[in-house]
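One letter stands for each residue in the lines below.
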Amino acid sequence: MHISVIGTGHVGLLTAVSMAAIGHDVVAEDIDHEKMEILQLGRAPFFEPGLDVLLDEAIRSGKLRFSTDVEDATQGADVVFICVGTPAGANGEANLVAVEKATQEVIRHVRPGTVLVEKSTVPAGTAARIERVIAMERPDIAAELYVVSNPEFLREGRAVQDCLEPDRILVGAGSRRAFNVMRRVYQPLLDKNVALIETNISTSELSKHACNAFLALKISYANAMARICERAGADVEAVAEIMGSDPRIGQDFLKAGLGWGGYCFPKDLTAFRLLASRLGYDFPLLAEVERINSEAVDVAIEKLRSCVWNLEGKRIALLGLSFKAGTDDVRFSPALVLARRMIEEGAVVIGYDPEARNNALKELTSLKVATNPYDAARGAHCIVIATDWPEFRDLDLAKLRELATYPMMVDARNLLDPLEAKKAGFHYDSMGRSAPS
Ligand code: UDX
């Protein structure tokens, strides 16, 4: 099938390469010429495990090409995926200007029978707005253009796998014809027994927000539990494991730490709360989920103060800068929120991250960065683990202890074994775990 993808961010680029990987002919369009030049060379503009290989294969096979021209990208397309950004607007609601503009451009060039897919996360009601734009701007073919909601559930760091082996494919549409086209798009995955959920458009749109908000809620629940465990002398890791062993709860997304971040959860949660309110339903639970999340950084700052007293003039090694392991994305990274707070209090923060160094420097110019964790720790008054990179589990703790000025460590992601850290000579604190005896 001929597939067009508008927007080549995380969602768009992964959609484009995975559609090519399952055999479709894909043209991906973006207005960012610089990004297009990088992509044309077969290089991914961001770090995502496995993406470079898939991108290279797709380009070599001739299944994927890039264009900065919407007409070129959409002419003759059977399906157009709209994957443009939906950032938070000034009031926290999703800013849908790019979605509207992309729609207006695309419908100028498509032929009757084309399916327009909203893939970006959008509030319920967006497809109806898109349909109105079509009705007003292309009344000649409006009856033969089909709008579909097909939210993307990929996680950064495992996005390739999430696209090629998704837990489920969700399609919201208003006509059998549109469902059939989407079945043909995903047939290679359906043949591998991936579940397809077909529903109406509003249900599909709303489900994406409902999923992200619920996952954020689970993490905030674990973080609130960490606060209580500290007061009660219990261990949040054990509590989470016990909770998760109940299949009705499940183990995932119960890891307490420095809280959730990234480009999706913060903006989607706020947008969902505001959408609920716009629809006349007050949903204060979601505001509480956000409040508990921001509390995690406050707690980390308190722990630091208890380690080094005043932060003014102290040297802090910050291990991890990305919002989670497996990505170079620092957008809404709790690690950087923490870094900013420490710097505001007068600390010198030396960060280290396996992938996110450059992005972190762009976002926070007052940060200093080291090329390895040991250089970051040299002369530090406290070492803070802020991202759950697996390689931090294998750190040479004795060497870190030798390099640091004070034997202080705050493990804000509960990554290390408290006893091992104590054995290496650290005064070790983590989130919601009982201190090693
Ligand atoms: C999320 C959704 O999972 C995905 O389905 C959606 O399409 C986009 O948003 P992503 O932002 O890539 O994906 O990250 P995710 O793996 O969900 O983690 C989000 C945040 O929660 C990270 O900051 C992570 O460190 C944090 N987290 C996750 C925890 O603090 N504890 C956990 O138990 C799980």
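Thresholds applied
- Residues numbered from 1 in each chain as written.
- Predicted model: local features only at pLDDT ≥ 70, side-chain atom pairs only at ≥ 80, totals over all residues.
- Heavy atoms only, no water.
- Helix = DSSP H or I, 4+ residues; strand = E, 2+ residues; numbered from the N terminus.
- Rg over C-alpha atoms; globule rule 2.2 N^0.38 Å.
- Buried < 20%, exposed > 50% of the residue type's maximum accessible area, 1.4 Å probe, protein only.
- Contact = heavy atoms within 4.5 Å.
- Core = buried A, V, L, I, M, F, W, Y, C linked by side-chain atoms within 4.5 Å.
- Near = heavy atom within 4 Å.
- Polar contact = N/O pair within 3.5 Å; in protein donor to acceptor, adjacent residues only side chain to side chain.
- Areas by Shrake-Rupley, 256 points an atom, 1.4 Å probe, with all protein chains shown as cover.
- Nonpolar A, V, L, I, M, F, W, Y, C, P; charged D, E, K, R; others polar.
- Phe/Tyr/Trp six-rings, centres within 6.5 Å; stacked < 30°, edge-to-face > 60°.
- Lys NZ or Arg CZ within 6 Å of the ring centre and 35° of its normal.

Brief notes about the overall build of the chain
Part 1: The helix and strand tally for the chain stands at 17 helices and 14 strands.
Part 2: Taken over C-alpha atoms, the radius of gyration comes to 24 Å for the chain, in line with the 22 Å a tight globule of 437 residues would show.
Part 3: Principal axes of the C-alpha set define a box for the chain whose edges measure 75 × 45 × 40 Å.
Part 4: Going through the 437 residues of the chain one by one, you find that 53% of them count as buried.
Part 5: Partitioning the contacts of the chain with sequence separation of at least 6, the portion at a separation of at least 24 is 71%.

Comments concerning the nonpolar core
Part 1: In terms of nonpolar packing, the biggest core is built from 45 residues, with Ile3, Leu14, Leu64, Val79, Phe81 and Tyr186 touching the most fellow members.
Part 2: The dominant element in this core, judged by the number of residues it contributes, is helix H8 (residues 176–190), at 8 residues.
Part 3: With 32 residues, the next largest nonpolar core counts Val308, Leu336, Leu364 and Ala412 among its residues.

Section: the site of the ligand
Part 1: Contacts to the ligand come from 19 residues, most closely from Phe153, Leu154, Glu156, Lys255 and Lys324.
Part 2: In the model, an oxygen atom of the ligand is placed 3.1 Å from a nitrogen or oxygen of the Lys208 side chain.
Part 3: Leu254 has a polar backbone atom sitting 3.3 Å from an oxygen atom of the ligand.
Part 4: Computed on the free molecule, the ligand has an accessible area of 670 Å², of which 91% lies beneath the protein chains in the complex.
Part 5: Examining the composition of the shell around the ligand, we find that 3 residues originate from one element, helix H9 (residues 201–232), more than from any other.
Part 6: The residue makeup of the shell around the ligand, split by class, is 9 nonpolar, 3 polar and 7 charged.

Describing the packing of aromatic side chains
Aromatic ring pairs are reported here in terms of the distance separating the ring centres and the angle at which the planes meet.
Part 1: Within this structure, the stated rule accounts for 5 aromatic pairs.
Part 2: Aromatic rings pair up to connect Phe253, Trp260 and Phe265 into one cluster.
Part 3: The ring of Phe153 has Arg168 lying over it, and the distance from NZ or CZ to the ring centre is 3.9 Å.
Part 4: The ring of Tyr263 has Arg331 lying over it, and the distance from NZ or CZ to the ring centre is 4.0 Å.

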